[in-house]
Amino acid sequence: MAAIDIPSPEPHMNPRRLALGPESAIAPQFRCATGESPLWHPADQAFYWVDIPAATIHRFRPADGAMAQWRLPEVVGCIARRSGAGELIAACERSIFAVDLDDDAGVRLRRLASFDMPLAGMRFNDGRCDRQGRFWVGTHLTGPQRRAVGEMLRLDGRGLQRTGIDGLAVPNGLAFSPDGRTMYLSDAAAESRTVWAFDYDIDEGVPSNRRVFIDMARYGGRPDGAAVDADGCYWICAIDAGCVLRFTPSGRLDTTLDLPTRTPTMPAFGGAAMSTLLLTSLARKTENDDWAGAVFLSEMPVRGLTDAFFRDN
């Protein structure tokens, strides 16, 4: 995995443009239908991610290239880590589960919460824990009938709660600043294409002061999954535009990372030095997009942040 030089341009400079090639794919023939929700699990020294329609959780260890997968009984929208090796939390169709993965024993599930979706065809989508270990997750209406009926929910020791953030078509791009005091959220629908920033009360887990952080119409593509690095910069996958965009905390485009596919879905930092970037993608075949659905891995000269694990008390 070759290192990529990502300098921090001065305000007057044009954003840096870089590229990953097909050689960065973790395996030439490996594809996901909808790869999503990658994360680094320090206890396993491994990346995990999901293939949503395949109802599958994948694991990849960079140290030896070993891969494993587990099939869940229903579609899985996103995952976050719990404390121990092989321990995750998974938001599936209408329920959130504690998941224990074992190479020999398979999958064990324990239901933590369920949500009565207001419409048929709705399910959980993008989610992650805040820096204090509360699990945030969005809902959306799938299929051609999609409209802005999704919302954001929060799971903690008080149970699964509505947060008042609603009217979303495809909630995505959820991430938190290094100090946890800024929350980012996007709507990936073509009619929105917006990333918002919120002030975030780390004691109560309550966002406020919603404002536009990025208008993706200026840059092309739609805002899908995201990550924040140790410098506080926000990395957002521009699906349909074939790149990942790195924005400074002030909202200035710093770097464009071009990819071999037009359908990147979400980045995650990991590895021993937290400088390995893993990217999932969507296998929507378009002309000259032979790498749609692949998972890519590359070293970066910036460090990421380890996500907090879920705390239910």
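To keep things clear, this report deals only with the structure shown in the data block.

Cut-offs applied
- Residues numbered from 1 in each chain as written.
- Predicted model: local features only at pLDDT ≥ 70, side-chain atom pairs only at ≥ 80, totals over all residues.
- Heavy atoms only, no water.
- Helix = DSSP H or I, 4+ residues; strand = E, 2+ residues; numbered from the N terminus.
- Rg over C-alpha atoms; globule rule 2.2 N^0.38 Å.
- Areas by Shrake-Rupley, 256 points an atom, 1.4 Å probe, with all protein chains shown as cover.
- Lys, Arg positive; Asp, Glu negative; His and termini not counted.
- Charge placed at Lys NZ, Arg CZ, Asp CG, Glu CD.
- Pairing = 2+ DSSP bridges.
- Axes fitted to C-alpha atoms, helices over the stretch in contact; angles between N-to-C directions.
- Contact = heavy atoms within 4.5 Å.
- Phe/Tyr/Trp six-rings, centres within 6.5 Å; stacked < 30°, edge-to-face > 60°.
- Buried < 20%, exposed > 50% of the residue type's maximum accessible area, 1.4 Å probe, protein only.
- Polar contact = N/O pair within 3.5 Å; in protein donor to acceptor, adjacent residues only side chain to side chain.
- Core = buried A, V, L, I, M, F, W, Y, C linked by side-chain atoms within 4.5 Å.

**Quick word on the overall build of the chain**
- In terms of helices and strands, the chain carries zero helices and 24 strands.
- A globule of 313 residues ought to have a C-alpha radius of gyration of about 20 Å, and the chain, at 18 Å, matches this closely.
- On the principal axes, the C-alpha backbone points of the chain span a range of 50 × 45 × 40 Å.
- Accessible surface computed for the chain: about 12,500 Å², of which carbon and sulfur atoms make up 46%.
- If you average the places of the 34 positive and of the 40 negative side-chain charges in the chain, the two averages end up 2 Å apart.

**Section: the sheet that holds strand β7 (residues 87-91)**
- The strand order across the open sheet built from four strands is β6-β7-β8-β9, with neighbouring strands paired in antiparallel fashion. Two strands bound the open sheet, and with one partner strand each, they are β6 (78-81) and β9 (106-114). This sheet shows a mean twist of 25° between the axes of neighbouring strands, independent of strand direction.
- Bridge analysis of β7 against strand β8 (residues 95-102) gives five bridges, and the strand direction is antiparallel. Bridging from a neighbouring strand, Ala-91 pairs with Ile-96 of β8.

**Focus on the environment of Pro-38**
- Here Pro-38 is to be found in strand β2 (residues 35-41).
- Each C-alpha atom of the pair Pro-38 and Val-99 lies 15 Å from the other, and the pair is 61 residues apart in sequence.
- When residues no more than four places from it in sequence are discounted, the contact partners of Pro-38 are Tyr-48, Trp-49, Met-266, Pro-267, Ala-268, Leu-278 and Thr-280.

**Focus on the packing of aromatic side chains**
- In the structure shown here, the tally under the stated rule is eleven aromatic pairs.
- Ring centres of Trp-40 and Phe-47 lie 4.9 Å apart, and the angle between their planes is 65°; this geometry places the pair in the edge-to-face category. Each member of the pair, Trp-40 together with Phe-47, is buried.
- Where Trp-136 meets Tyr-200, the ring centres are 6.1 Å apart and the plane angle is 65°; that geometry is what we call edge-to-face. With Trp-136 in strand β11 (residues 135-141) and Tyr-200 in strand β16 (residues 194-201), this residue pair connects regions lying 64 residues apart in the sequence.

**Section: the side chain of Asp-289**
- Structurally, Asp-289 is set in the loop between β23 (276-281) and β24 (296-299).
- Within the structure, the side chain of Asp-289 is placed 3.1 Å from the backbone nitrogen of Arg-262, a separation counted as a polar contact.
- At a separation of 3.3 Å, a polar atom in the side chain of Asp-289 contacts the main-chain amide nitrogen of Ala-292.
- In contact with Asp-289, other than residues within four places in its own chain, are Pro-260, Thr-261, Arg-262 and Thr-263.

**Side note on the nonpolar core**
- Counting 30 residues, the largest nonpolar core has Trp-49, Trp-235, Leu-257, Phe-269 and Leu-279 as the members making the most contacts within it.
- Contributing elements (two or more residues each) for this core: β3 (46-51), β19 (234-239), β22 (264-270), β23 and β24.
- Among the elements that make up this core, the one with the highest residue count is β23 (three residues).
- Not counting residues within four places of it along the chain, the set of residues in contact with Phe-269 comprises Trp-40, Phe-47, Ala-227, Asp-229, Trp-235, Met-274, Thr-276, Leu-277, Met-300, Val-302, Arg-303 and Gly-304.

**With respect to the sheet that holds β23**
- As summarised here, the arrangement of the three strands in space is β22-β23-β24, forming an open sheet in which the pairing is antiparallel. Sheet topology places β22 and β24 at the edges, where each strand pairs with a single neighbour. Taken over all neighbouring pairs, the strand axes of this sheet differ in orientation by 20° on average, direction set aside.
- Judged from the six bridges that link them, β22 and β23 form a sheet pairing that is antiparallel. Within β23, the residue paired with Gly-270 across the bridge is Thr-276.

**A short note on unusual backbone geometry**
- At Ser-37, a position not held by glycine, the phi torsion is positive, near 55°.
- Among the structural elements, Ser-37 can be located in strand β2.
- For Asp-240, which is not glycine, the phi torsion reads 80° and is therefore positive.
- Turning to its location among the elements, Asp-240 is positioned in the loop between β19 and β20 (243-247).
- The partly exposed category is assigned to Asp-240, whose relative accessible area is 26%.

Keep in mind these numbers describe shape, not what the thing actually does.
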